[in-house]
Amino acid sequence: MRIPFTKMQGAGNDFVVLDETRGRLGLTAAHYRFLGDRHFGVGADQILTVRPSPGPGIDFEYVIHNADGAEVEQCGNGARCFARFVHDRGLTDKDVIRVQTQKGVIEPRLTGDGRVTVNMGAPVFDLAQIPFDAAGLAFQPQGNWGNWPLALVESMQAAPVLVAPVSMGNPHAVLLVDNVDTAPVAMIGPQVQASPRFPRGVNVGFLQVQDRGHIRLRVFERGVGETLACGTGACAAVVAGIRLGLLDADVQVQTRGGLLGIAWAGDTAPVLMTGPATTVFQAEIEIPDNL
């Protein structure tokens, strides 16, 4: 089977974008893994699929698969690329679109400077909805919120790590670190992800606060590993930093792939994320029949 695709990136978080507005391609998890494979396929952190409106008041449906083939709930950097794709391909002439995701509706908006702002909806702190099992753990208050001590899986580290769980439509655990350059992301990230207290897995963010309006961030993503940027991870990190009393309402997030702007007014207000969305190339690929 030969299919067309578009390669895109947002702050270094890279995607294969598929157009299913005129019909389903019928891809399986194995096909998505092939497309995401950097050696034998195209290579991407996630595969994004554009589908037609599922109902009134909605412009498109947005389906996301990680490089491991699993469908996931949300992808913020991907949402910006999604908006750029449908606009540049002539699928819509709107600058603001309403997009259905697995976990709700988001509203990407193309800005005059070429970037895209996405209304990511309100963060979720209810532990059952994230989900995070805190049974038997001693909550440690900080600011207007706090952290939970989490024992690492298969670790010689005696002390647990402190995590701030939050959902941006997908689960995140935010850890405060002194320096993201020296943080043991590759060691701690997989162990936090493997914790049974996150029954659906989790994206693990390592947050370094520079001042009240600037942070540095690395994210070990569920089903992918560390990426150059994670949009929902940036949202989760800023929301956590604000609730912990460390950040103001408008924050610049420096990732390894670029700069993202995150704004949150608190409580039930939506999180607004602004950043780049760039088309790299368009092509076709032959998907093997024996996958």
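Residues numbered from 1 in each chain as written. Predicted model: local features only at pLDDT ≥ 70, side-chain atom pairs only at ≥ 80, totals over all residues. Heavy atoms only, no water.

Draft legend 1. Main features of the overall build of the protein chain. Counting its secondary structure elements, the protein chain contains four helices and 19 strands. Against the globule reference of 19 Å for 291 residues, the protein chain gives a C-alpha radius of gyration of 19 Å, in line with a compact fold. The principal-axis extent of the C-alpha atoms belonging to the protein chain is close to 50 × 45 × 35 Å. When each of the 291 residues of the protein chain is scored for burial, the buried share is 54%. Only carbon and sulfur atoms are counted for the fraction: they give 50% of the accessible area of the protein chain, which is about 12200 Å². Between the centroid of the 23 positive side chains of the protein chain and the centroid of its 29 negative side chains there is a distance of 1 Å. (Helix = DSSP H or I, 4+ residues; strand = E, 2+ residues; numbered from the N terminus. Rg over C-alpha atoms; globule rule 2.2 N^0.38 Å. Buried < 20%, exposed > 50% of the residue type's maximum accessible area, 1.4 Å probe, protein only. Areas by Shrake-Rupley, 256 points an atom, 1.4 Å probe, with all protein chains shown as cover. Lys, Arg positive; Asp, Glu negative; His and termini not counted. Charge placed at Lys NZ, Arg CZ, Asp CG, Glu CD.)

Draft legend 2. Focus on the nonpolar core. Ranked by internal contacts, the top residues of the largest apolar core, which has 54 residues, are Tyr 62, Phe 82, Ile 215, Val 253, Ile 262 and Val 271. If one sorts the elements of this core by residue count, helix H4 (residues 231-243) sits on top with eight residues. For Tyr 62, the residues in contact, after removing those within four places along its chain, are Leu 48, Thr 49, Gln 74, Cys 75, Gly 78, Ala 79, Phe 82, Val 99, Gln 100, Thr 101 and Ile 106. Of all hydrophobic cores here, the second largest spans 18 residues; its members include Ala 134, Trp 148, Val 163 and Phe 220. (Core = buried A, V, L, I, M, F, W, Y, C linked by side-chain atoms within 4.5 Å. Contact = heavy atoms within 4.5 Å.)

Draft legend 3. Geometry of the packing of aromatic side chains. Here the structure, examined in full by the defined rule, presents eight aromatic pairs. Between the aromatic rings of Phe 60 and Phe 82, the centroid separation amounts to 6.0 Å while the plane-to-plane angle is 75°, which identifies the pairing as edge-to-face. Of this pair, Phe 60 sits in strand E4 (residues 60-66) while Phe 82 sits in helix H2 (residues 76-88), placing them 22 residues apart in sequence. Side by side, Phe 60 and Phe 82 carry an identical accessibility label, which is buried. Taking 5.4 Å as the distance between ring centres and 70° as the angle between the ring planes, the aromatic pair formed by Phe 125 and Trp 145 counts as edge-to-face. Here Phe 125, found in the loop between strand E8 (116-119) and strand E9 (140-142), pairs with Trp 145, found in strand E10 (residues 145-150); they are 20 residues apart in sequence, far enough to count as distant. One cation-aromatic arrangement involves Arg 243 over Phe 125; the distance from NZ or CZ to the ring centre is 3.9 Å. (Phe/Tyr/Trp six-rings, centres within 6.5 Å; stacked < 30°, edge-to-face > 60°. Lys NZ or Arg CZ within 6 Å of the ring centre and 35° of its normal.)

Draft legend 4. Molecular detail of the side chain of Thr 92. The topology assignment puts Thr 92 in the loop between H2 and strand E6 (99-101). Judged by relative accessible area, which is 13%, Thr 92 ranks as buried. Beyond its immediate sequence surroundings of up to four residues, Thr 92 is in contact with Phe 60, Val 86, His 87 and Ile 97.

Draft legend 5. Structural context of the pairing of strand E11 (residues 161-167). Burial runs high along E11: six of the seven residues are buried. Taken together, the three bridges between E10 and E11 define a ladder with antiparallel strand orientation. The residue bridging Pro 149 from the neighbouring strand is Leu 162, located in E11. One ladder, built from four bridges, connects E11 with strand E12 (residues 171-176); its direction is antiparallel. Residue pairing in the sheet places Ala 164 in a bridge with Val 174 of E12. Where E11 hands over to E12, the hairpin turn is made up of three residues, of which Gly 169 adopts a positive phi near 95°. (Pairing = 2+ DSSP bridges.)

Draft legend 6. Summary view of unusual backbone geometry. With an omega dihedral of -10°, the bond running from Ile 130 to Pro 131 counts as a cis peptide bond. For Pro 131, the location among the structural elements is in the loop between E8 and E9. In this structure, Ala 11 is a non-glycine residue whose phi angle is positive, near 60°. Position of Ala 11 relative to the elements: it lies in the loop between strand E1 (2-10) and strand E2 (13-19). Although it is not a glycine, Asp 267 adopts a positive phi angle of roughly 55°. Structurally, Asp 267 is set in the loop between strand E17 (259-264) and strand E18 (271-275).

Draft legend 7. Spatial organisation of the state of the cysteines. Scanning the model with the defined rule gives zero disulfides in all. Lacking any disulfide linkage, Cys 75 is separated from the closest cysteine sulfur, that of Cys 230, by 6.8 Å. (Disulfide = S-S within 2.5 Å.)

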